[in-house]
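# Working through the structure, step by step
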Amino acid sequence: MKKLLAMLVLCSSAIASRAQSISMSDLTNLATINMTDANYFLTSGKPFKQEYSQEVNGLTLRRYVGTTAASKCESVIMGDGIKTSTPLVLHVVTYTSTNTKYILKLVGQAKSAELKKNFQGADQFNNIYIFDNFLYTVHVYIKTDNSEGTVKVEQKYYVE
């Protein structure tokens, strides 16, 4: 009887639990892959659908929104970047969620993912965290009223 009760509790908590749909390693990986692979990753491997696509400064931006109850508060913008003097584009991935617990989990993952925290502070509107390593710079903004958070991963220009 106790085993049955324990199984029932575990199953119901698994159904009720809501987890973020994307991790810090997913975001950093998205910054390095092409748009076709990123589209496939987000729409097949994760609960996102492409909401729109538009041209901005010669780059095609795609916005993805969550499709499940747990991911409806999440969005990802791909395709932004910085054009270098070579044909290379340094990609930028922007993740936004109205569930700030998801953003705080990403901050924890950044700390444990060999990203060094370079800055922690606040301005009038946001709590700000900046993490960095030799491949990426990660900017985290959490609104002071906890209504929304954004994680922006920027690929760095790596010269061997």
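Model, not experiment: these values are computed from the prediction.

On to helix 4 (residues 100-112), then. Compared with an ideal rise of 1.5 Å per residue, which puts 13 residues at 18 Å, helix 4 spans 19 Å between its outermost C-alpha atoms and is within 8% of the ideal. Turning to helix 4, its buried residues are Thr 100, Tyr 102, Ile 103, Leu 106, Val 107 and Ala 110. Along the axis of helix 4, the buried positions cluster into a sector of 150°, meaning they face one direction only. Turned more than 90 degrees off the buried face of helix 4, the exposed positions are Lys 101 and Ser 112. The inward-facing, buried residues of helix 4 contact helix 2 (24-30), strand 3 (74-83), strand 4 (89-97), strand 6 (126-132), strand 7 (136-143) and strand 8 (149-155). Residue Asn 99 occupies the N-cap position of helix 4, its side-chain oxygen lying 3.0 Å from the main-chain nitrogen of Lys 101. The positive-phi residue at the C-terminal boundary of helix 4 is Glu 114, with phi of around 65°.

This paragraph deals with the confidence of the model for the chain. For the chain, per-residue confidence averages 86 on the pLDDT scale, and 87% of positions sit at 70 or higher. Within the chain, helix 1 (residues 2-16) has the poorest average pLDDT of any element, 38, and strand 6 the best, 97. Counting interchain partners and residues more than four positions distant, the pLDDT-below-50 stretch residues 1-18 has three contacts.

A few words on the nonpolar core. Core analysis: the biggest nonpolar cluster contains 30 residues, and Val 76, Met 78, Tyr 95, Val 140 and Val 151 have the highest contact counts within it. Taken together, the elements giving at least two residues each to this core come down to helix 2, helix 3 (35-45), strand 3, strand 4, helix 4, strand 6, strand 7 and strand 8. Apart from the residues within four sequence positions on either side, Val 140 is in contact with Ile 103, Val 107, Asn 127, Ile 128, Tyr 129, Phe 131, Thr 150 and Val 151.

Among the residues of helix 3, Met 35, Ala 38 and Leu 42 are the ones counted as buried. Along the long axis of helix 3, the arc covered by the buried residues comes to 65°, so they all point the same way. Exposed residues on helix 3 whose side chains face more than 90 degrees from its buried face are Thr 36, Tyr 40 and Gly 45. Where helix 3 is buried, its residues touch helix 2, strand 1 (48-56), strand 2 (59-66) and strand 3.

So, about the environment of Ala 70. Relative to the elements of secondary structure, Ala 70 occurs in the loop between strand 2 and strand 3. In sequence terms Ala 70 and Asn 99 are 29 residues apart; their C-alpha atoms lie 9.5 Å from each other.

Where strands meet in a sheet, backbone hydrogen bonds hold them as pairs that are either parallel or antiparallel. Strand order in the open sheet formed by eight strands is 1-2-3-4-8-7-6-5, with antiparallel pairing between adjacent strands. Only two strands of the sheet have a single neighbouring strand rather than two, namely strand 1 and strand 5 (116-122). Averaged over all pairs of adjacent strands, the angle between strand axes in this sheet comes to 15°, irrespective of strand direction. Taken together, the six bridges between strand 4 and strand 8 define a ladder with antiparallel strand orientation.

Once that is clear, we can look at the environment of Glu 148. As for its position among the elements, Glu 148 is in the loop between strand 7 and strand 8. As for Glu 148 and Glu 74, which are separated by 74 residues in sequence, their C-alpha atoms are 9.9 Å apart. The residues touching Glu 148, leaving out its near neighbours within four places in the chain, are Thr 96, Ser 97, Thr 98, Thr 100, Tyr 141, Ile 142 and Lys 143.

What counts, and at which threshold
- Residues numbered from 1 in each chain as written.
- Predicted model: local features only at pLDDT ≥ 70, side-chain atom pairs only at ≥ 80, totals over all residues.
- Heavy atoms only, no water.
- Helix = DSSP H or I, 4+ residues; strand = E, 2+ residues; numbered from the N terminus.
- Expected span 1.5 Å × (residues − 1).
- Buried < 20%, exposed > 50% of the residue type's maximum accessible area, 1.4 Å probe, protein only.
- Arc of directions from axis to C-beta.
- Contact = heavy atoms within 4.5 Å.
- Polar contact = N/O pair within 3.5 Å; in protein donor to acceptor, adjacent residues only side chain to side chain.
- pLDDT = per-residue confidence, 0-100.
- Core = buried A, V, L, I, M, F, W, Y, C linked by side-chain atoms within 4.5 Å.
- Pairing = 2+ DSSP bridges.
- Axes fitted to C-alpha atoms, helices over the stretch in contact; angles between N-to-C directions.

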